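Inside the fold
Here is what each chain is made of, one letter per residue.
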Amino acid sequence: MGAFVALAGVTVLPFVELRPNRLVPGNAYSVAAAGPWAYLLWLLVAVGFLSAVAPTARARAASSTASGYGLVIALAWGLGAASTALLVDQTAVARVSLGSGVWVLLAGTAILGFSGGEERRRKLLRWAGPLVLVAGAVIAAFVWGGLDRISLAREFSVRASSFWSLLGGHLAMSGAGLGFGLLLGVPLGLWATRNRHVRAVTLGVTGVIQTVPSLALLGLLIAPLAALGVAVPLLRDLGVRGIGAAPGLIALTLYALLPIVRNTYVGLAEVEPAVIDAGRGMGMSSWQLLWRVEFPLALPLIVEGVRTAAVLLIGITTLTVFAGARNLGILIFEGLGQFAPDLILLGALPVIALAVIADVALSALGRAFTPEGVRA
Amino acid sequence: MIRLEDITRRYGDETAVDSLSLEIAEGEVCVLIGPSGCGKTTTLRMINRLIEPTSGHIFVDDRDILSLPAEELRRGLGYVIQSIGLFPHLTVAGNICVVPRLLGWEKSRMVDRVDELLKLVGLDPNAYRDKYPRQLSGGEAQRVGVARALAADPPVLLMDEPFGAVDPLNRERLQSEFARIQRELKKTVIFVTHDIDEAIRLADKIAIMRDGKLQQFDTPEEVLNHPANKFVHDFVGADRALKRLVRVRVEDVMRSPATVLDGADLLTLQVGAGRRRFAYVVEPDGRLIGWVDTLGLDEGSVPEAALTRVVPADASVRPDDSLRDALSRMLGLGFRSIAVTDRNDVLLGEVTFAAVEDAMTEGDEHISNLPPEGAA
């Protein structure tokens, strides 16, 4: 499956596109532009096909893994070689952009890499080793392989200084929204288990918030926050204005609430009544019961809610740019405004990466927080 | 030890418990019994203040239970419930140590206590200490539940249908083990059940309740022989005579049997067995082999032909079995007497059908004095 996708990526679809400058369309080139690297790519796709026909499960896993990791490395060096070759005799503003074949090839590679076995993902050490190797080879392609000549890298080098601050701003914004969401959501979820009316209101309201489109919510927040900032100068000095971080942060916090409140509530409510009764009957106070019994049992579900919220917020954070916040969303919307596809990618790719990292890390955290006695 | 004075609990217009007064002496097992909704569980839960009485007073050790904080009170009253309520995230040892931990025991003391208690409830400490509740069968979990309630050596045990959720075979085993533990520990026990056989078997005193009111509070023998009213009479059931047998232990009515040694010759047999038709045949060390019917012993017949060999475990009872067990064995085997052996199959005595009959009819003379059915 993965090998077929990869094959389509290296044969049918364009590998790179040579454009006179960063904004206008140009001519597509096939994988042959990568010179000798093209043969390696072909070879690795062939290895990927082996994974479908190899006799033993071990051999199948080995070939799909080897081809998956190998393709990433060969792709990085191939792209570098192609852009180096194509940019000879071109003006300084000419650009080499990634063709659709590269994305399809990457998708096939991902399928090959992950089909190598669920087992390997659990053993972090065995997984991390090859990953470091691949990352090293890709970085080497930047330094020595000419990968820094492709358009995406050029967009980055132009904005290198603001990129990192935008990435930092993105992390800070998503992180702060998540933090406030936790600070508010966990107590609200807890309160909902103790009081029927609170339960109806909190679950209802957070559910409704989730249905409000993010841009609309930001727009709705700007006017009242601007008014508040004008009315209370102290708040304005603290950053509460119609435009800036405040409306975005409030919107993110509100979006984080639903998954966190709901999972906290469900996690606590699912603790068996007999367990609570036994705990109370043995003389545990409400606090002892909460800390020693209810929270440990609900924690995996709460972390799961945090994971959902984190992935959601990292994406929505890009939209807070419209209310004046500064983060990776700026690159995306500037790119859209200029019709510069590589600038859009420069903003979007790190956002996707952050979301994936948050997802994987919080899943692992959730597993770590699951008490041994209740592990499936 | 425990005194309930005029306890009433109302829920709106419903009266769950209606001016109930009880006095339970130290070291006694008091069984609260009645149809569902009679207020027995409510009564139990008022003793450890999981439910507060609407009016009336409860004294434990002559102290009004309202005079100390609820948590402190509960740590001194072991609590076992039908659904057990083991903490799923703690090991067996962790569960047993809940109350000791609340009381701030030393770690080494807790470790010793866990092993001691597991042995007491018949579980091998090495095999069970580190197991999690989900790895236990229903019977094992309930043993751990009892061990947990006994952990801090409370003088009082409150048990709410503790064996209600286990299968009949395991329930009988748990009941006899509870009886053994109770003979050893002499706790003051309040035990709620709806099973009259369980009540008669385990109780020193039975409190029969109906619609929140106490119907009769007396020893099982008195309840069986002198039911206070039609309700108690009907509740106990028509087979009072059989139930009475549960209260009598085999060792109380067994007599010494006629025995002969294995391999003794026929003349000795006839002399030895003498006045009785049957004689038990034993090994020199006293272990039961079977019996001979002296009618089958004619001059010149082979002793082997008259000897009936038995498997002692199937054809005998133990001294601490009840007379009902003995009767059911006799009926099952079709004999008019049955051997009593110890754990090593050594013959201790025999119980005859006549002895069972005597125990059954004892105290039956009152029955003619009861008001006729339907007259109440």
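The structure this text deals with has already been given above.
Counting 75 residues, the largest nonpolar core has F15(A), V16(A), L41(A), L71(A), L79(A) and L328(A) as its most contacted members. Per-element accounting of this core gives the leading share, 10 residues, to helix α14 (residues 286–316) of chain A. When residues of this core are assigned to domains, at least three fall in each of domain 1 (2–157) and domain 2 (160–375) of chain A. Core analysis: the next-biggest nonpolar cluster, separate from the first, contains 62 residues, V29(B), V31(B), I96(B) and A141(B) among them.

Within the structure shown, the criterion is met by 4 cavities of 30 Å³ or more. Approximately 70 Å³ is the volume attributed to the largest cavity. If you go around the largest cavity, the residues you meet are M282(A), R74(B), R75(B), L77(B), G78(B), Y79(B), V99(B), R148(B), A149(B), A151(B), A152(B) and P154(B). For the lining of the largest cavity, the secondary structure elements donating two or more residues are α2 (70–75), β6 (77–81) and α7 (138–150) of chain B. In terms of residue count, the dominant contributor to the lining of the largest cavity is β6(B) (3 residues). Class assignment for the residues of the lining of the largest cavity results in 8 nonpolar, 1 polar and 3 charged. What the second largest cavity holds in volume is close to 60 Å³. Along the walls of the second largest cavity sit V121(B), R143(B), V146(B), F163(B), L174(B), E177(B), F178(B) and I181(B), which together make up its complete lining. When residues of the lining of the second largest cavity are assigned to their parent elements, the largest contribution, 4 residues, is made by helix α8 (residues 168–185) of chain B. In terms of residue class, the lining of the second largest cavity is made up of 6 nonpolar, no polar and 2 charged.

Another point: the packing of aromatic side chains. Inspection of every chain in the model, using the stated rule, returns 14 aromatic pairs over all chains. Among the aromatic side chains, those forming a connected cluster through ring pairs are F156(A), F163(A) and W164(A). In this arrangement the basic side chain of R109(B) is found over the ring face of W105(B), its NZ or CZ atom lying 3.6 Å from the centre.

This paragraph deals with the pairing of strand β17 (residues 347–352) of chain B. Residues and elements named next belong to chain B. Extensive coverage of β17 is indicated by the burial of 5 of its 6 residues. Pairing between strand β16 (residues 337–341) and β17: 5 bridges, direction antiparallel. By the bridge assignment, S337 is partnered in β17 with T352. Between the end of β16 and the start of β17, which pair antiparallel, lie 5 residues, with D345 showing a positive phi angle near 70°.

Rules used in this analysis
Residues numbered from 1 in each chain as written. Chains lettered and ligands numbered in written order. Predicted model: local features only at pLDDT ≥ 70, side-chain atom pairs only at ≥ 80, totals over all residues. Heavy atoms only, no water. Core = buried A, V, L, I, M, F, W, Y, C linked by side-chain atoms within 4.5 Å. Buried < 20%, exposed > 50% of the residue type's maximum accessible area, 1.4 Å probe, protein only. Helix = DSSP H or I, 4+ residues; strand = E, 2+ residues; numbered from the N terminus. Domains from an automatic or database assignment. 1 Å grid on protein atoms, 1.4 Å probe; cavity = no way out; pocket = protein on both sides within 12 Å on 5 of 7 lines; lining within 4 Å. Points joined across faces, edges and corners; volume = space filled by probe spheres on them. Nonpolar A, V, L, I, M, F, W, Y, C, P; charged D, E, K, R; others polar. Phe/Tyr/Trp six-rings, centres within 6.5 Å; stacked < 30°, edge-to-face > 60°. Lys NZ or Arg CZ within 6 Å of the ring centre and 35° of its normal. Pairing = 2+ DSSP bridges.

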